[in-house]
Every structure is written in structure tokens, then in C-alpha cells.
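Take a look at the letters that make up each chain.
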There are 2 protein chains.
Amino acid sequence: MTEHVVFVGNKPVMNYVLATITQFNEGVDKVVIKARGRAISRAVDVAEIVRNRFLPNVKVEDIQIGTEELDSTQGKPLNVSTIEIYLSK
Amino acid sequence: MTEHVVFVGNKPVMNYVLATITQFNEGVDKVVIKARGRAISRAVDVAEIVRNRFLPNVKVEDIQIGTEELDSTQGKPLNVSTIEIYLSK
């Protein structure tokens, strides 16, 4: 069983949808979609578009949320929320 | 067992954090934080701030994602992602 990660950033949502579909088509069983901060909404879009439009047999197995501490330019640590969406087929 | 909903929109994140804490302090066992579209990232922030800064005994019980169809002004239906974060103490 292999697990691969798609890290969602600020590119158009379809870039990440395509990356996820490509992983599954290459025989990967599980893909984890990860994002933080504002990109969290886009990560949910990616999971929903993959399942509803392209790969209806893919299931959301688990969703985890968390907090990461980033070093900000002002020296004060900055907390940013994270999400991990575990998809499997 | 009672369940209450905090719907996260475009107001400052602390408004929703306070709404969630108030529910728990009034004796509610479960609070569902709901959001759609861009507000999804803020909903995750609300859950993380409530747990990490104010109510460490509150757990994330489940997270559901989905898609809602909205009527857009152009007549073409618009899909928007949704999230529901189930918190319990």
C-alpha cells in the first residue's frame, strides 16, 4: 500500500485535481491532500471535485486538522491552521 | 444531549470562537462549526483556536466535507464546498 501527498497552494484548483487523479491512475491506493492557511478551502475543493466529477469510487477516509507554528518576519511566531484529507480508492 | 451550530462567515475569527465557547459554557455537549467556500479556512481556525487556547478538553469528533449547489446570478448553478466540524467535550 503506497501513500502519496498533494500539497495544495495558490495555483488554480484544477492543477491539484489533476495531480491527485494522476496519482490514483498510476496505481496509488491513498492520496493525502494537505494545505494550510487560506489554501485549506482549496484543498476541500480539490477533494470534492476529484470525487464528484472524476473518480466517484474514491472515498474520504479521514480528515485531520491541526496548527503549525511559523516564524514570521516580525520574530513573533505565527500560528497557521492545517488540514490533511485522506482519500482512498 | 444537545447539539448547536455555529455558522462561520466573513466576520473576524474571534466572533465565532466566542460563539463556540459560549455554547460550551452554557452546557452544550456538542457544537458543529459549519462553513462553505472561502470561509472553510476560517472554520478550521475557529476549531483550532477554541481547542488550543481556550478549551483544551474539547475534541474534534468528526469532520465532514461536501458540495452544495447554489443558484448564481447568471442562472448557471454554482458548486460550493462545505465543511462541518463536530466538536464535543
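Residues numbered from 1 in each chain as written. Chains lettered and ligands numbered in written order. Predicted model: local features only at pLDDT ≥ 70, side-chain atom pairs only at ≥ 80, totals over all residues. Heavy atoms only, no water.

**As for the nonpolar core**
(1) Moving on: Of all hydrophobic cores here, the largest spans 50 residues; its most connected members are Ile-83 and Ile-85 of chain A together with Ile-83 and Ile-85 of chain B.
(2) Moving on: Residues within four places of Ile-83 of chain A in sequence aside, it is in contact with Ile-33, Lys-34, Ala-35, Ile-40, Ala-43, Val-44, Ile-63, Gln-64 and Ile-65 of chain A together with Ile-83 of chain B. (Core = buried A, V, L, I, M, F, W, Y, C linked by side-chain atoms within 4.5 Å. Buried < 20%, exposed > 50% of the residue type's maximum accessible area, 1.4 Å probe, protein only. Contact = heavy atoms within 4.5 Å.)

**Here we look at the UniProt feature "domain: DNA/RNA-binding protein Alba-like" (unreviewed entry) in chain A**
(1) Moving on: Sequence positions flagged by UniProt for "domain: DNA/RNA-binding protein Alba-like" (unreviewed entry) are, in local numbering, residues 4-66 of chain A.
(2) Moving on: Between the C-alpha atoms that bound residues 4-66 of chain A the distance is 19 Å, and the span itself is 46% helix and 30% strand. (UniProt positions renumbered as here; feature names shortened; annotations may be inferred. Helix = DSSP H or I, 4+ residues; strand = E, 2+ residues; numbered from the N terminus.)

**A closer look at the packing of helix 1 (residues 13-25) of chain B against helix 2 (residues 39-54) of chain B**
All names here are of chain B.
(1) Moving on: Contact pair helix 1 / helix 2: the axes reach a minimum separation of 9 Å and the direction vectors enclose 55°. As the angle between them shows, helix 1 and helix 2 are arranged oblique. You can see that helix 1 and helix 2 cross each other, and the crossing is right-handed. Where helix 1 abuts helix 2, its residues Val-13, Met-14, Tyr-16, Val-17, Thr-20 and Ile-21 lie against Arg-42, Asp-45, Val-46, Ile-49, Val-50 and Phe-54. (Axes fitted to C-alpha atoms, helices over the stretch in contact; angles between N-to-C directions. Parallel < 35°, antiparallel > 145°, perpendicular 65-115°, else oblique. Left-handed = near helix turned anticlockwise from the far one by under 90°.)

**A closer look at the relation of the copies chain B and chain A**
(1) Moving on: When chain B is brought onto chain A, the operation consists of a screw motion whose angular component is 180° and whose axial shift is 0.0 Å, with 0.0 Å RMSD remaining. In symmetry terms, the pair is related by a two-fold rotation axis. For chain B, the residue whose C-alpha comes nearest the rotation axis is Ser-41 of chain B, separated from it by 2.7 Å.
(2) Moving on: A share of 100% of interface residues in chain B that are also interface residues in chain A marks the association as one of identical surfaces. (Least-squares fit on C-alpha atoms with pLDDT ≥ 70 in both.)

**Overview of the interface of chain B and chain A**
(1) Moving on: The interface of chain B with chain A comprises 19 residues on the first partner and 19 residues on the second.
(2) Moving on: When the two sides are added together, the surface that chain B and chain A hide from each other amounts to roughly 1400 Å², 60% of it contributed by carbon and sulfur.
(3) Moving on: Area buried by chain B at its contact with chain A is led by Ser-41, Ile-63 and Ile-65 of chain B, which between them contribute 39% of it.
(4) Moving on: For the pair chain B and chain A, the number of links is 0 salt bridges.
(5) Moving on: Here chain B and chain A share 11 residue pairs in polar contact (both at pLDDT 80 or more) between them. (Buried area = accessible area lost by both parts, 1.4 Å probe. Salt bridge = Lys/Arg side-chain N within 4 Å of Asp/Glu carboxyl O. Polar contact = N/O pair within 3.5 Å; in protein donor to acceptor, adjacent residues only side chain to side chain.)

**Comments concerning the layout of surface pockets**
(1) Moving on: One number sums up the size of the largest pocket: a volume of about 790 Å³.
(2) Moving on: The set of elements that each furnish at least two residues to the lining of the largest pocket consists of helix 2 (39-54), strand 3 (59-71) and strand 4 (77-88) of chain A together with helix 2 of chain B.
(3) Moving on: With 8 residues, helix 2 of chain B is the largest single contributor of residues to the lining of the largest pocket.
(4) Moving on: Roughly 290 Å³ of volume is contained in the second largest pocket.
(5) Moving on: Along the walls of the second largest pocket sit 13 residues, with Ile-49 and Arg-53 of chain A together with Leu-78, Asn-79 and Val-80 of chain B positioned nearest its centre.
(6) Moving on: Of all elements in the fold, only helix 2 of chain A together with strand 4 (77-88) of chain B reach the threshold of two or more residues within the lining of the second largest pocket.
(7) Moving on: Here the lining of the second largest pocket is composed, by residue class, of 4 nonpolar, 5 polar and 4 charged. (1 Å grid on protein atoms, 1.4 Å probe; cavity = no way out; pocket = protein on both sides within 12 Å on 5 of 7 lines; lining within 4 Å. Points joined across faces, edges and corners; volume = space filled by probe spheres on them. Nonpolar A, V, L, I, M, F, W, Y, C, P; charged D, E, K, R; others polar.)

**Quick word on the environment of Arg-51 of chain B**
(1) Moving on: Here Arg-51 of chain B is to be found in helix 2.
(2) Moving on: When its relative accessible area of 21% is taken as the criterion, Arg-51 of chain B is described as partly exposed.
(3) Moving on: Counting along the chain gives 21 residues from Arg-51 of chain B to Lys-30 of chain B, while the straight-line C-alpha distance between them is 13 Å.
(4) Moving on: Among residues more than four places away in sequence, those in contact with Arg-51 of chain B are Ile-65 of chain A together with Pro-56, Val-58, Lys-59 and Val-60 of chain B.

**Description of the side chain of Ser-81 of chain B**
(1) Moving on: Relative to the helices and strands, Ser-81 of chain B resides in strand 4.
(2) Moving on: A residue is classified by how much of its surface remains accessible, and Ser-81 of chain B, at 5% relative accessible area, is buried.
(3) Moving on: Among the polar contacts made by the side chain of Ser-81 of chain B, one reaches the side chain of Asp-45 of chain A at a distance of 2.5 Å.
(4) Moving on: With residues up to four places along the chain from it excluded, the contact list for Ser-81 of chain B reads Val-44, Asp-45 and Glu-48 of chain A together with Ala-35, Arg-36, Gly-37, Ile-40, Gly-66 and Thr-67 of chain B.

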